[in-house]
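Here are the chains, one letter per residue:
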Amino acid sequence: MTQNRESATPAPRPGIPQLRPVGENPAQPSPGETHSLSGEELPRDRSKAILEAAKQVGALLKRKGHRFALAGSVAVYAHGGSGHLQHDADFCVRGADADAVAQTLTEAGLVVRMPPEDWLMKTACFGQDVDILFELAHRPVTTEILDRAQALSVDSVHMPVLAPTDLMRGLIEPFSEHYCDFGPALAAARALREKVDWEDVRRSCGDEPMPAAFFYLLERLHVIAPREEHR
């Protein structure tokens with residue numbers, strides 16, 4: 001794909017594109033007033049707006065039969081985490097499916113952009129940023145990752161959500177000297193601690209110092225048990 005441009009898929013029609021609010025069955029949207037994608041009709045609460053954007057995009061991808069999984073803070077929320085959502089809504093798709101997903105989003109009236117980074121594409125729904133990721137922690141999104149996703153209710157809309165272990169791996173593995181914001185990952189770890197295969201996540205991170213520092217913090221805070229040393 002060409003980077004730093006709008007998608008090559010057909011441009012949306014003139015005027016303000018609209019999506020109808022989704023209900024439990026996204027193939028049959030709930031009746032009622034439509035909301036413009038500008039987000040003017042949504043609650044002023046940022047977390048609620050991000051959640052609504054995630055529901056709309058997730059329902060659209062599900063209705064069109066795409067393989068995907070919800071990621072990020074909305075996925076943590078779906079697994080029982082905090083309703084204080086951060087920054088944007090995230091979805092994972094395989095790189096090979098990116099063009100088809102972009103086509104679906106564009107046909108729904110969403111403008112798809114390719115940033116300089118070649119591992120995601122961006123759009124916006126109801127005024128909230130939505131990232132479509134092809135990689136998690138510098139690893140390609142694979143069929144196996146999507147197969148491990150769990151079908152969960154996201155504020156009444158069912159969709160595949162990244163498994164807790166994959167979620168935490170994606171949060172912890174990227175830690176480095178240039179990026180080590182432990183706050184969001186710590187909140188997620190507290191919420192998901194009983195659902196994560198921590199030994200699997202440790203193996204993925206190897207001996208990298210920043211992930212190791214985060215695991216040490218989790219141990220000191222009694223979020224996870226200390227790792228047994230083999231003599």
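Residues numbered from 1 in each chain as written. Predicted model: local features only at pLDDT ≥ 70, side-chain atom pairs only at ≥ 80, totals over all residues. Heavy atoms only, no water.

Caption draft 1: Examining the packing of helix α6 (residues 182-192) against helix α8 (residues 209-220) more closely. Running from N to C, α6 and α8 point in directions that differ by 45 degrees, and their axes come no closer than 11 Å. As judged from the angle between their axes, α6 and α8 are oblique. Seen along the crossing, α6 lies across α8 with a hand that is right-handed. Every residue of α8 that contacts α6 at Phe 182, Ala 185, Leu 186 and Ala 189 is listed here: Met 210, Ala 213, Phe 214, Leu 217 and Leu 218. Of the residues assigned to the contact of α6 with α8, the class counts are nine nonpolar, no polar and no charged. (Axes fitted to C-alpha atoms, helices over the stretch in contact; angles between N-to-C directions. Helix = DSSP H or I, 4+ residues; strand = E, 2+ residues; numbered from the N terminus. Parallel < 35°, antiparallel > 145°, perpendicular 65-115°, else oblique. Left-handed = near helix turned anticlockwise from the far one by under 90°. Contact = heavy atoms within 4.5 Å. Nonpolar A, V, L, I, M, F, W, Y, C, P; charged D, E, K, R; others polar.)

Caption draft 2: A look at the layout of surface pockets. By volume, the largest pocket is sized at about 1,100 Å³. Contributing to the lining of the largest pocket are 34 residues, with Gly 72, Asp 90, Gly 170, Leu 171 and Tyr 179 lying nearest its centre. Of all elements in the fold, only α2 (72-78), β7 (120-125), β8 (128-133), β9 (135-136), α5 (164-172) and α6 reach the threshold of two or more residues within the lining of the largest pocket. When residues in the lining of the largest pocket are grouped by element, the largest group, five residues, is from α6. Residues belonging to the lining of the largest pocket are distributed by class as follows: 18 nonpolar, nine polar and seven charged. (1 Å grid on protein atoms, 1.4 Å probe; cavity = no way out; pocket = protein on both sides within 12 Å on 5 of 7 lines; lining within 4 Å. Points joined across faces, edges and corners; volume = space filled by probe spheres on them.)

Caption draft 3: Fine view of the pairing of strand β12 (residues 157-161). The pairing of strand β11 (residues 150-154) with β12 spans five bridges and is classified as antiparallel. When the sheet's bridge partners are listed, Gln 150 is paired in β12 with Val 161. Between the antiparallel neighbours β11 and β12 lie two residues, among them Asp 155 with a positive phi of about 50 degrees. (Pairing = 2+ DSSP bridges.)

Caption draft 4: Representation of the packing of aromatic side chains in the model. Enumeration over the complete set of coordinates arrives at five aromatic pairs. Among the aromatic side chains, those forming a connected cluster through ring pairs are Phe 175, Tyr 179, Phe 182 and Phe 214. (Phe/Tyr/Trp six-rings, centres within 6.5 Å; stacked < 30°, edge-to-face > 60°.)

Caption draft 5: Region of the structure containing α8. In this model, α8 (12 residues) spans 16 Å end to end at C-alpha, consistent with the 16 Å of a helix rising 1.5 Å per residue. Of the positions making up α8, those classed as buried are Pro 211, Phe 214, Phe 215, Leu 218 and Glu 219. Down the axis of α8, the buried side of the element spans an arc of 145 degrees, and every buried residue falls inside it. Set apart from the buried face of α8 by more than 90 degrees, the exposed residues are Pro 209 and Arg 220. Buried-residue contacts for α8 involve α5, α6 and α7 (198-205). (Expected span 1.5 Å × (residues − 1). Buried < 20%, exposed > 50% of the residue type's maximum accessible area, 1.4 Å probe, protein only. Arc of directions from axis to C-beta.)

Caption draft 6: Representation of the environment of Leu 192 in the model. Of note, Leu 192 is situated in helix α6. What makes Leu 192 buried here is its relative accessible area of 0%. For the pair formed by Leu 192 and Gly 80, sequence separation is 112 residues and the distance between their alpha carbons is 7.7 Å. With near-sequence residues (within four places) excluded, Leu 192 lies in contact with Val 76, His 79, Pro 164, Leu 167 and Met 168.

Caption draft 7: Molecular detail of helix α1 (residues 46-63). For α1, which comprises 18 residues, the first-to-last C-alpha distance of 26 Å matches the rise-based estimate of 26 Å (1.5 Å per residue) to within 8%. Burial runs high along α1: 14 of the 18 residues are buried. Between a side-chain oxygen at the N-terminus of α1 and the backbone nitrogen of Ser 47 the separation is 3.1 Å; the capping residue is Asp 45. One or two positions beyond α1, positive phi appears at Gly 65, with a value near 80 degrees. (Polar contact = N/O pair within 3.5 Å; in protein donor to acceptor, adjacent residues only side chain to side chain.)

Caption draft 8: A look at the pairing of strand β5 (residues 89-92). Side-chain alternation along β5 places Ala 89 and Phe 91 on one buried face and Asp 90 and Cys 92 on a second face that is also buried. Here strand β4 (residues 69-71) runs beside β5; their pairing, made up of three bridges, is antiparallel. In the sheet register, Ala 69 faces β5, and the bridge partner there is Cys 92. Where β5 lies against β8, four bridges are found, and the strand directions are parallel. Within β8, the position partnered with Cys 92 by the bridge is Leu 133.

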